[in-house]
Amino acid sequence: MKTKINYKALIPYFLCTMTYSFAAIMNAGLMEHVFVLKELSYNDLEKIYYYDILGYIFGAFALLICNNYFTLRKIVIFNLLIYILSVFALSFIALNPKLTAIYSMVYSGTDIIIVTILLCYIFNDKKIINIDALSLFFLSIVTAYFLVEFCLSHNPYQADLNLTRNLVILNIIPIAIFLFIFIFADNFNSSTQNKNTGSLSILKNIELELLSSFVIFYILMTIFWGYEVYALTDSLLMISVSDTKYYIFIAMLATSILAPRFIFKYNPHKINILSILCLLLLFLSMPFWGISFFLDSICWFLIGMILYMYFWSNLFILAEKFESANLQLTIILYTLAASIGYYCGYLTIEITEDTIGEKSFLISICFVLFVLLGYYLYLYKKNNLKEW
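Predicted model only: the values in this text are computed from it and were never measured. (Residues numbered from 1 in each chain as written. Predicted model: local features only at pLDDT ≥ 70, side-chain atom pairs only at ≥ 80, totals over all residues. Heavy atoms only, no water.)

## Some details on the overall build of the chain
Tallying secondary structure elements over the chain gives 16 helices and zero strands in all. The buried share among the 388 residues of the chain stands at 53%. Restricting to contacts in the chain with at least 6 residues of sequence separation, those with at least 24 account for 86%. As presented, the chain carries roughly 17800 Å² of accessible surface, and 68% of it is formed by carbon and sulfur atoms. (Helix = DSSP H or I, 4+ residues; strand = E, 2+ residues; numbered from the N terminus. Buried < 20%, exposed > 50% of the residue type's maximum accessible area, 1.4 Å probe, protein only. Contact = heavy atoms within 4.5 Å. Areas by Shrake-Rupley, 256 points an atom, 1.4 Å probe, with all protein chains shown as cover.)

Now the structure itself:
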């Protein structure tokens with residue numbers, strides 16, 4: 001943890017993560033337009049989106065299994081080929097809606113596998129410290145995200161299926177850059193295969209971190225899927241869901257630069273408890289601050305900062321508890337918990353919107369935060385985590 005920063009070691013990780021993230025985020029945006037231009041029905045689009053979310057769980061679970069039999073290097077190369085085939089199949093082949101949904105699931109599954117493996121490589125590299133690994137990984141993804149938003153903001157392809165397909169072909173360039181760096185950079189040459197690891201014993205030591213990962217992505221999905229319906233029905237002077245994403249990402253970007261070295265000087269479990277309390281208070285008070293554009297902007301910015309700190313402080317805890325193959329396994333499990341939380345957030349809004357109504361957005365988030373806070377305080381006292 002006290003190793004000096006090795007900027008030479010950081011560059012391949014930053015470039016690899018950024019180029020792959022750029023390709024993945026760009027393709028996701030292009031796929032939406034391809035589906036619209038193919039004149040798929042609303043029900044077909046809903047089914048594709050459902051399978052796309054389900055693919056994250058499928059990918060994380062597949063990685064958990066393959067991790068015991070193959071090196072991460074082989075898994076990345078194989079999944080990259082599957083990813084490219086899925087993108088081209090969705091863009092250029094006249095598939096029926098069911099096959100389109102299945103290809104979308106495979107596409108998102110390979111996506112989460114590659115991103116998780118990059119995270120494993122970064123955290124297992126002893127030449128960089130974990131605090132810098134946190135900032136590096138997120139900065140590279142956010143850089144890719146804003147580059148894609150800039151490229152797509154001009155929207156020259158919206159009414160032209162052929163032009164959209166040409167952009168998909170051009171998007172092979174960042175994939176080629178990623179593959180070149182991944183194959184030839186020394187950072188990715190080490191063997192990181194996971195063998196003979198006691199998965200059950202590890203699970204007992206990371207239950208809080210897994211639950212936290214679940215809740216964080218449950219909240220994110222609930223925000224992106226349920227906030228707009230809630231705000232419209234309650235006549236809030238709201239920021240749109242797309243603008244909410246910008247506030248959250250900008251807040252996370254600011255936190256990734258300014259906060260890590262300050263935050264991790266203190267007990268991360270205390271930071272986590274404080275984060276849960278702040279999130280709970282912010283969501284409970286949303287009916288009050290949601291009527292003001294200024295307060296709305298500030299509070300969404302705070303929510304983004306807190307979610308970022310909470311997510312990364314848990315990864316920091318995992319990096320302190322484990323190393324090498326065990327750390328690799330815990331990161332995969334952490335990703336699996338996140339994908340399940342994301343999926344459950346989607347299901348919650350879909351189901352409760354017809355039962356509880358528009359209030360399901362706030363009720364569901366506050367409920368999981370209350371449960372998490374109670375369980376966290378219980379284990380904090382039981383395991384004497386104040387002595388961390």
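On we go.
## Describing the side chain of Ser339
Relative to the assigned elements, Ser339 resides in helix H15 (residues 324–352). By relative accessible area, Ser339 is classed as buried at 3%. Here the side chain of Ser339 touches Leu336 through a polar contact of 2.7 Å, landing on its backbone oxygen. The residues contacting Ser339, other than those within four sequence positions of it, are Tyr56, Ile57, Ala60 and Ile112. (Polar contact = N/O pair within 3.5 Å; in protein donor to acceptor, adjacent residues only side chain to side chain.)

## Some words on the packing of helix H12 (residues 268–284) against helix H14 (residues 293–321)
Packed helices, taken two at a time, are described by the angle their axes make and the gap between the axes. For the pair H12 and H14, interaxial distance at closest approach is 9 Å and the crossing angle is 155 degrees. By the criterion of interaxial angle, the relationship of H12 to H14 is roughly antiparallel. As H12 packs across H14, the resulting crossing turns out to be left-handed. Across from Pro268, His269, Asn272, Ser275, Ile276, Cys278, Leu279, Leu282 and Phe283 in H12, the residues of H14 making contact are Cys299, Leu302, Ile303, Ile306, Leu307, Tyr310, Ser313, Asn314, Phe316 and Ile317. (Axes fitted to C-alpha atoms, helices over the stretch in contact; angles between N-to-C directions. Parallel < 35°, antiparallel > 145°, perpendicular 65-115°, else oblique. Left-handed = near helix turned anticlockwise from the far one by under 90°.)

## What to know about helix H3 (residues 72–92)
Given 3.6 residues per turn, any residue in an α-helix points the same way as the ones three and four places further on. Under the 1.5 Å per step criterion, the end-to-end length of H3 is 30 Å for 21 residues, consistent within 8% with the ideal 30 Å. Buried within H3 we find Leu72, Ile75, Val76, Asn79, Leu80, Tyr83, Ser86, Val87, Ala89, Leu90 and Ser91. (Expected span 1.5 Å × (residues − 1).)

## Some details on the pattern of salt bridges
Going through the model one piece at a time under the given rule, you end up with one salt bridge. With a closest N to O distance of 3.4 Å, Lys321 and Glu209 form a salt bridge. Residue Lys321 is found in helix H14, and its partner Glu209 is found in helix H9 (residues 207–233); the two are separated by 112 residues along the sequence. Taking relative accessible area as the criterion, Lys321 reaches 33% and is therefore assigned partly exposed. (Salt bridge = Lys/Arg side-chain N within 4 Å of Asp/Glu carboxyl O.)

## A short note on H12
The terminal C-alpha atoms of H12 lie 24 Å apart, and with 17 residues this matches the ideal 24 Å at 1.5 Å per residue to within 8%. By the burial criterion, the buried members of H12 are Pro268, His269, Ile271, Asn272, Ile273, Ser275, Ile276, Leu279, Leu280, Leu282 and Phe283. Measuring from the side-chain oxygen of the N-cap residue of H12 to the backbone nitrogen of His269 gives 2.8 Å; that N-cap residue is Asn267.

## Points about a nonpolar patch on the surface
A cluster of nonpolar residues, Ile77, Leu81, Phe180, Ile183 and Phe184, forms a patch on the protein surface that exposes about 490 Å² of accessible area. Breaking the nonpolar patch down by element, the ones donating at least two residues are H3 and helix H7 (172–184). Per-element tally for the nonpolar patch: the top contributor is H7, with three residues. The residue Leu81 is located in helix H3 in this model. A relative accessible area of 51% places Leu81 in the exposed class. (Patch = residues over 30% accessible without salt bridge, like charges linked within 9 Å, V, L, I, M, F, W, Y side chains within 5 Å.)

## Observations concerning the packing of aromatic side chains
Taken as a whole and judged by the stated rule, the model has 22 aromatic pairs. Look at Tyr121 and Phe182: their rings are 5.9 Å apart centre to centre, the planes differ by 80 degrees, and that puts the pair in the edge-to-face class. Here the residue Tyr121 occupies a position in helix H4 (residues 97–124), and Phe182 occupies one in helix H7, the gap between them amounting to 61 residues. Each member of the pair Tyr121 and Phe182 is classed as buried. Of the aromatic side chains, those joined through ring pairs into one cluster are Tyr13, Tyr20, Tyr83, Tyr107, Tyr121, Phe178, Phe182 and Phe188. (Phe/Tyr/Trp six-rings, centres within 6.5 Å; stacked < 30°, edge-to-face > 60°.)

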